[in-house]
Amino acid sequence: MYELLFWKYLEEVYLNHHEVYEALVEKETVEGLEILPVEVIMNRINSVFSKWEKVDENSWQNTTGKGAFQVITTPQSIKIDCYGTEGKTMNKLVEVMEEFKLPLYDPQVPERYDEMSE
């Protein structure tokens, strides 16, 4: 499994990315993060991956190739667990999140890919 996590800081807020990640994975509320339009984002993912089989409300499976993913949301975050998913699919998910100005935090590295990254 490969994890992708997305959230957005309020203006002028800078927190420890890994601590934010750990709190969000535990579904805790993090002061300093924006509330996301989760339903709109889920609709967009559904639209972009409309050719994939929708396994349940939050999971998609590629019927013509490799991979599957599950989206887990909180009011402040979008977490995507990828299972055997190709890089180009993960890139497409990242692009969808960029439409909502949500930069990727990759806990495997660990690194956050936004303009504030050093």
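Our subject is the structure that appears above.
Residues numbered from 1 in each chain as written. Predicted model: local features only at pLDDT ≥ 70, side-chain atom pairs only at ≥ 80, totals over all residues. Heavy atoms only, no water.

Colleague: Break down the overall build of the protein chain for me, citing the residues and quoting the values.
Modeller: Scanning the protein chain from terminus to terminus reveals 3 helices and 7 strands. Element order for the protein chain, N to C, with α for helix and β for strand: β-α-α-β-β-β-β-α-β-β. Expressed along its principal axes, the backbone C-alpha trace of the protein chain runs to roughly 45 × 25 × 25 Å. Buried positions account for 43% of the 118 residues belonging to the protein chain. For the protein chain, long-range pairs separated by at least 24 residues make up 54% of all intrachain contacts whose partners lie at least 6 apart in sequence. Accessible surface, the protein chain as shown: approximately 6900 Å² in total, 48% of it carbon and sulfur. One way to put it: in the protein chain the 11 positive side-chain charges average out to a point 10 Å from where the 23 negative ones average out. (Helix = DSSP H or I, 4+ residues; strand = E, 2+ residues; numbered from the N terminus. Buried < 20%, exposed > 50% of the residue type's maximum accessible area, 1.4 Å probe, protein only. Contact = heavy atoms within 4.5 Å. Areas by Shrake-Rupley, 256 points an atom, 1.4 Å probe, with all protein chains shown as cover. Lys, Arg positive; Asp, Glu negative; His and termini not counted. Charge placed at Lys NZ, Arg CZ, Asp CG, Glu CD.)

Colleague: Break down the environment of glutamate 95 for me, citing the residues and quoting the values.
Modeller: Position of glutamate 95 among the secondary structure elements: in helix 3 (residues 87–99). Assessed through its relative accessible area of 48%, glutamate 95 is described here as partly exposed. Sequence-wise, glutamate 95 and proline 37 are 58 residues apart; in three dimensions their C-alpha atoms are separated by 16 Å.

Colleague: Residue-level account of the pairing of strand 4 (residues 68–74), with values.
Modeller: With 3 bridges connecting them, strand 3 (residues 59–61) and strand 4 associate as antiparallel partners. Opposite glutamine 61, over in strand 4, you have alanine 68 as the bridge partner. The hairpin turn running from strand 3 into strand 4, its antiparallel successor, is 6 residues long, and glycine 67 in that turn takes a positive phi close to 105 degrees. Examined bridge by bridge, strand 4 and strand 5 (residues 77–83) share 7 bridges and lie antiparallel to one another. Paired with threonine 74 across the bridge in strand 5 is serine 77. Linking strand 4 to strand 5, which pair antiparallel, is a turn of 2 residues. (Pairing = 2+ DSSP bridges.)

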